[in-house]
Amino acid sequence: MVSLKDIAAACEVSTATVSKALRDQNDISEETRERIKQMADRMGYFPNAAARALKTNESKNLGVLYEEDAGKGLTHEYFSGVLQGFKMQAEELGYDITFINTHRGKQGMSYLEHCRYRNFAGVVIVCATYSDPEVLELLNSDFPTVTIDFVHHNCTAVISNNVQGMRELIEYIMDMGHKRIAYIHGQNYSAVTKERVAAFYQVMEEHNLTVNDSYIKEGLYLEPEVAEQRTKELLQLPKPPSCIIYPDDTALIGGLNAIREMELRIPDDISVAGYDGTQYSQMLYPKVTTIQQDTSRIGKEAASRLISIIEKPKTALMERVIVEGILIKGQSVGRI
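Quick caveat: nothing in here was measured; it's all calculated off a predicted structure.

1. With respect to unusual backbone geometry
Cis rather than trans, the peptide bond between Ile266 and Pro267 has omega equal to 0°. Here the amide bond leading from Tyr285 into Pro286 is cis, since omega sits at -5°, within 30 degrees of zero. Position of Pro286 among the secondary structure elements: in the loop between β9 (271–273) and β10 (290–292). Of note in this structure, Asp149 is not a glycine but carries a positive phi near 60°. For Asp149, the position within the fold is in the loop between β4 (145–148) and β5 (156–160). When its relative accessible area of 15% is taken as the criterion, Asp149 is described as buried. In this structure, Glu263 is a non-glycine residue whose phi angle is positive, near 60°.

Pasting the structure below:
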């Protein structure tokens, strides 16, 4: 790696002069400054980010808090899309990203202390347990923070429009003639679940349809086995639903297994719909009716908003940035 001493030797000047030239100080001549800069470029010099941060108190590194409880890690299609969008936009704007160590037991640091220790310029919370005292400490601090799919009064939030997405999905199912609609939703404590369930009840009420309590069941996001069991429970009711909505496209696969095991056909005997619009769901037959979330845009918006808060703190506003999804009609919802 090229150092200041290497450039100084090549230009036959002191390292102090090289440092001044690269920092555009005015107490050296323009000719010397340009000569040193050109030599630094030819030699492939890159300033040490850590040293620069110590000198200027500025960091170009963003922390990423990602702790999802489904155990999918970076293979989680929704969050991997969000993270890729965040990474692309951050790098485009000159920032690096670092995942926050979620196993800091031996260090004895909270998330906030860890962010400051690592000298992050800001942090995005992609997925976390928001009732965790450490997460709340970070949210309530003055540390630049943006959240994904969670609204907090002290932070900018970038969220998918779960209410509108669920509304469009249910109204399409109704337009296909369905009235007996069941919903296997995600965990009750999830903010995303609460929004989608509320939207489900709102649309049903607007169409003067009574929700059968036995049609509403709690499942788990990204858990086909749980969805499979809940599907069997629904299909064994004296009057089963004509359409079942699943928490996501991955969980829906468990529903497909249960339906085929009971020798029923989709959509002739039972209709199904998912959520997220994963690539895999569109490779199935029949293609899944679902809401496709714009994960790349969610990630890019989060990066742009966070960097704006970091670079322009005096004009920063706490915003709720809503990203719309797209209804994919697919073939899994039949007409009654």
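Having seen the structure, we can now continue with the description.
2. Some remarks on the packing of aromatic side chains
Summed over all chains, the structure comprises five aromatic pairs. Considering the side-chain rings of Phe200 and Tyr201, the 5.8 Å spacing of their centres and the 85° angle between planes classify their relative orientation as edge-to-face. Relative accessible area serves as the criterion here: at 34%, Tyr201 is assigned to the partly exposed category. An aromatic cluster is present here, built from Tyr66, Tyr78 and Phe79 joined pairwise through their rings.

3. As for the pairing of strand β11 (residues 320–323)
Here β11 shows one buried face, formed by Val321 and Val323, and one open face, formed by Arg320 and Ile322. Examined bridge by bridge, β5 and β11 share four bridges and lie parallel to one another. Looking at the pairing, Ser160 lines up with Val323 of β11.

4. As for the pairing of strand β3 (residues 122–127)
Most of β3 sits inside the fold, with six of its six residues counted as buried. When strand β1 (residues 61–66) meets β3, the two strands line up parallel, connected through five bridges. Across the sheet, Gly63 pairs through a bridge with Val123, a residue of β3. Handedness of the crossover joining β3 and β4 through helix α7 (residues 133–140): right-handed.

5. Considering the sheet that holds β5
The strand order across the open sheet formed by six strands is β2-β1-β3-β4-β5-β11, and the pairing between neighbours is parallel. Either end of the sheet is taken by a strand with one partner, and the two such strands are β2 (96–99) and β11. Sheet twist, expressed as the average angle between the axes of neighbouring strands with direction ignored, equals 20°. The strands that helix α5 (residues 77–92) touches are β1, β2, β3, β4 and β5; relative to β1, the one it contacts most, it runs at about 175°.

6. Some details on the sheet that holds β9
The strand order across the open sheet formed by four strands is β7-β6-β8-β9, and the pairing between neighbours is parallel. Two strands close off the open sheet at either side, each with one partner strand: β7 (216–218) and β9. Between one strand axis and the next, the sheet turns through 15° on average, direction left out of account. The sheet contacts of helix α9 (residues 191–206) involve β6 (181–185), β7 and β8 (243–245), and relative to β6 the element is tilted by about 170°.

7. Quick notes on the side chain of Asp248
With respect to the helices and strands, the residue Asp248 is situated in the loop between β8 and α11 (249–261). One buried charged side chain, Asp248, makes no salt bridge at all; its nearest oppositely charged neighbour is Arg196, positioned 6.5 Å away. Polar side-chain contacts of Asp248 include one of 3.0 Å to the backbone nitrogen of Thr250. What Asp248 contacts, discounting residues up to four positions off in sequence, is Leu220, Tyr221, Leu222, Tyr275 and Asp276.

8. Here we look at α9
Helix length check: α9, at 16 residues, gives a terminal C-alpha distance of 23 Å against a target of 22 Å (1.5 Å per residue), a fit within 8%. Taken as a whole, α9 has its buried residues at Val192, Thr193, Arg196, Val197, Ala199, Phe200, Val203 and Met204. Considered in projection along α9, the buried side chains sweep an arc of 160° and stay on one side of the axis. Away from its buried face by more than 90 degrees, α9 exposes Lys194 and Glu205. Residues of α9 that are buried make contact with α8 (162–175), β6, β7 and β8. The residue sitting at the N-terminus of α9 and contributing the capping side-chain oxygen is Ser190; that oxygen lies 3.2 Å from the backbone nitrogen of Val192.

9. Notes on the side chain of Thr290
For Thr290, the position within the fold is in strand β10. In terms of polar contacts, Thr290 uses its side chain to reach the side chain of Asp249, at 2.9 Å. A polar side-chain atom of Thr290 sits 3.3 Å from the main-chain amide nitrogen of Gly277. Excluding its chain neighbours within four sequence positions, the residues that come into contact with Thr290 are Asp249, Gly274, Tyr275, Asp276, Gly277, Ser281, Gln282, Ile326, Leu327 and Ile328.

Analysis parameters
- Residues numbered from 1 in each chain as written.
- Predicted model: local features only at pLDDT ≥ 70, side-chain atom pairs only at ≥ 80, totals over all residues.
- Heavy atoms only, no water.
- Helix = DSSP H or I, 4+ residues; strand = E, 2+ residues; numbered from the N terminus.
- Buried < 20%, exposed > 50% of the residue type's maximum accessible area, 1.4 Å probe, protein only.
- Phe/Tyr/Trp six-rings, centres within 6.5 Å; stacked < 30°, edge-to-face > 60°.
- Pairing = 2+ DSSP bridges.
- Right-handed = clockwise from strand over helix to strand, strands pointing away.
- Axes fitted to C-alpha atoms, helices over the stretch in contact; angles between N-to-C directions.
- Contact = heavy atoms within 4.5 Å.
- Lys, Arg positive; Asp, Glu negative; His and termini not counted.
- Salt bridge = Lys/Arg side-chain N within 4 Å of Asp/Glu carboxyl O.
- Polar contact = N/O pair within 3.5 Å; in protein donor to acceptor, adjacent residues only side chain to side chain.
- Expected span 1.5 Å × (residues − 1).
- Arc of directions from axis to C-beta.

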